[in-house]
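An overview of the molecular structure
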Amino acid sequence: MVGLEGYDGVRKADYALDLDARLAALSQQVRQSAYRPRPARRTYIPKANGKMRPLGIPCFEDRIVQDRLSDILQAIWEPEFRDCSYGFRPGHNAHQALKRLGEVITLEQTQWLVEADIKGFFDHVDHDWLMKFLAHRIADPVLLRVIRRFLKAGMMEEGLLHESEAGTPQGGLVSPVLANIYLHYVLDIWFEKRFARSCRGRAKLIRYADDFVACFTHEEDAKRFSAALIERLAEFALEVEPSKTALLRFGSYAKRQCAKLGLGRPLTFDFLGFTHYVTRSRSKRFMVGRKTQGSRISKKLKEVGVRLAKLRTSGGRAMMDYAKRHLQGHIAYFGVSGNSRSLKTYVYRVSRVLFKWLNRRSQRKSVNWARFGEVLKTWLPPVRIKHNLYPHHCG
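Remember, it's a predicted structure, so these values are computed and weren't measured experimentally. (Residues numbered from 1 in each chain as written. Predicted model: local features only at pLDDT ≥ 70, side-chain atom pairs only at ≥ 80, totals over all residues. Heavy atoms only, no water.)

**So, the environment of Pro176**
Selection criterion: Helix and strand definitions here come from DSSP, where helices need a minimum of 4 consecutive H or I residues and strands a minimum of 2 consecutive E residues; each element is numbered from the N-terminal end. Residue exposure (1.4 Å probe, protein chains only): buried if accessible area is under 20% of the type maximum, exposed if over 50%, otherwise partly exposed.
Mapped onto the fold, Pro176 is located in helix H8 (residues 175-195). Take Pro176: its relative accessible area is 23%, and that puts it in the partly exposed class. Sequence-wise, Pro176 and Ala166 are ten residues apart; in three dimensions their C-alpha atoms are separated by 15 Å.

Here's what the structure looks like:
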């Protein structure tokens, strides 16, 4: 877990000393344009594909200012954001995005879709374009100046300062709303007010942060979008991530058409941690199937093993409590309609990892699997579907 201090090492408890005077001085600095954000501390966390994601951790005082900035910007733009945007917005979440995607594919004549991801989005946001977008709704030069200073504050890594020419560092409290504002103009409005209106059939966009899926009735519209998207993003110093971008046949006729063309099963796509596939309900109606993304499972199992290994010295109870909390969190997110088999498999595999590390606490096996299985019956959290994402007619 990344600490809350920035490169200056100041923590919440330190800042609380003489808090009122500190906040009064900070407020005055901001109002008089004397406030200058410090560089963020760069750290890295692993991604599902094995690569590392850079995070910028602001110092504590900068976190306070960013938190207020985020609230102000959210209040200004929330009425303007489009319904297709679900990430980092109050009252919106990933499960709503997944449910809406299922409805669009199942009920709104979707037969083709484009899954897309923007390459290194948070690192490539163009500062000049972002400031132009902000100026559409903000006339206060002091507020605009504070935001620009945050964008230009730079990053500290191994004692060296790296200047920021582009991007909004992930980890900053104001970065999510800035990212949404940028993509509101670059993607959402462009798609809904310009591109979709030029399509022969239906066209819908579902976006969560920089990860999005565009759904179409006709192949020609989907192909045209794939080409137009590259040109549109290039205008704003962005590009698609080729490994996470694809055009595929997906909808109620996909299985029949793929069989007719000798293409085998329809292709799957990944979105928000789930692999989506073509399937049918018990009443033989077409529906969107979902299962936990394989790469997510592998990554999380590895993390569980590493954590349990470190907890061996804390005792078996601490190890079991951690594993239970982890499974409860996993089920809370991945417990969606149709994903029961994947959930049960994951719970079993975590149980095996826990069993392995419990028995490595000493040179002698402390418990066998049969005995441990009896403990699991009362200890394991129930595997339940928490989110019904099916449209009403599916069942």
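**Remarks on the sheet that holds strand S1 (residues 40-46)**
Worth spelling out the cut-off: For two strands to count as paired, DSSP must find a minimum of two bridges between them. A fitted line through C-alpha atoms represents every axis, and for helices the fit uses only the stretch in contact; the resulting angles, taken between N-to-C directions, go from 0 to 180 degrees.
Reading across from one edge, S2-S1-S4-S5 is the order of the four strands in this open sheet, with mixed pairing throughout. Since the sheet does not close on itself, it has two edges, and those belong to strand S2 (52-57) and strand S5 (160-162), each with one partner. Each strand axis lies, on average, 45° off the axis of its neighbour in the sheet, ignoring direction. As paired elements, S1 and S2 share six bridges and run antiparallel to each other. Across the sheet, the residue bridging to Pro46 is Met52, located in S2.

**Examining the nonpolar core**
Note the cut-off: The nonpolar core is taken to be a set of buried Ala, Val, Leu, Ile, Met, Phe, Trp, Tyr and Cys residues, with the residues joined through side-chain atoms within 4.5 Å. Whether two residues are in contact is decided by their heavy atoms, any of which lying within 4.5 Å being enough.
Counting residues in hydrophobic clusters, the biggest one holds 56 residues, and the most contacted among them are Leu73, Leu134, Phe191, Phe216 and Phe225. Top contributing element to this core by residue count: H8, with twelve residues. If we skip the residues at most four places from it in the chain, Phe225 touches Val114, Trp190, Phe191, Phe195, Phe212, Ala214 and Phe216. Core analysis: the second largest hydrophobic core is formed by 49 residues, Ala94, Ala97, Leu327 and Tyr346 among them.

**Here's the deal with the environment of Val336**
Considering the arrangement of structural elements, one finds Val336 in the loop between helix H12 (316-334) and helix H13 (340-358). The class of Val336 is buried, set by a relative accessible area of 0%. Beyond its immediate stretch of four places on either side in the chain, Val336 contacts His95, Phe274, Arg290, Ile385, His387 and Leu389.

**So, the pattern of salt bridges**
To keep it simple, the criterion reads: Criterion for a salt bridge: a side-chain nitrogen of Lys or Arg within 4 Å of a carboxyl oxygen of Asp or Glu.
According to the stated counting rule, one finds 17 salt bridges in the structure shown. Two residues, Glu108 and Arg202, come together in a salt bridge whose shortest N-O distance is 3.9 Å. Remark: Arg202 occurs in the loop between H8 and strand S6 (203-208) and Glu108 occurs in the loop between helix H4 (94-107) and strand S3 (112-117); sequence separation between them is 94 residues. Of the residues examined, Glu108 reaches a relative accessible area of 16% and is grouped as buried. Given a relative accessible area of 40%, Arg202 falls into the partly exposed group. The partner of Arg224 in a salt bridge is Asp221, with the nearest N and O atoms 3.5 Å apart. In this pair, Arg224 and Asp221 both sit in helix H9 (residues 219-234), three residues apart, roughly one turn of the helix. A relative accessible area of 35% means that Arg224 is categorised as partly exposed. On the basis of relative accessible area, Asp221 is assigned to the buried category, the value being 2%.

Keep in mind these numbers describe shape, not what the thing actually does.
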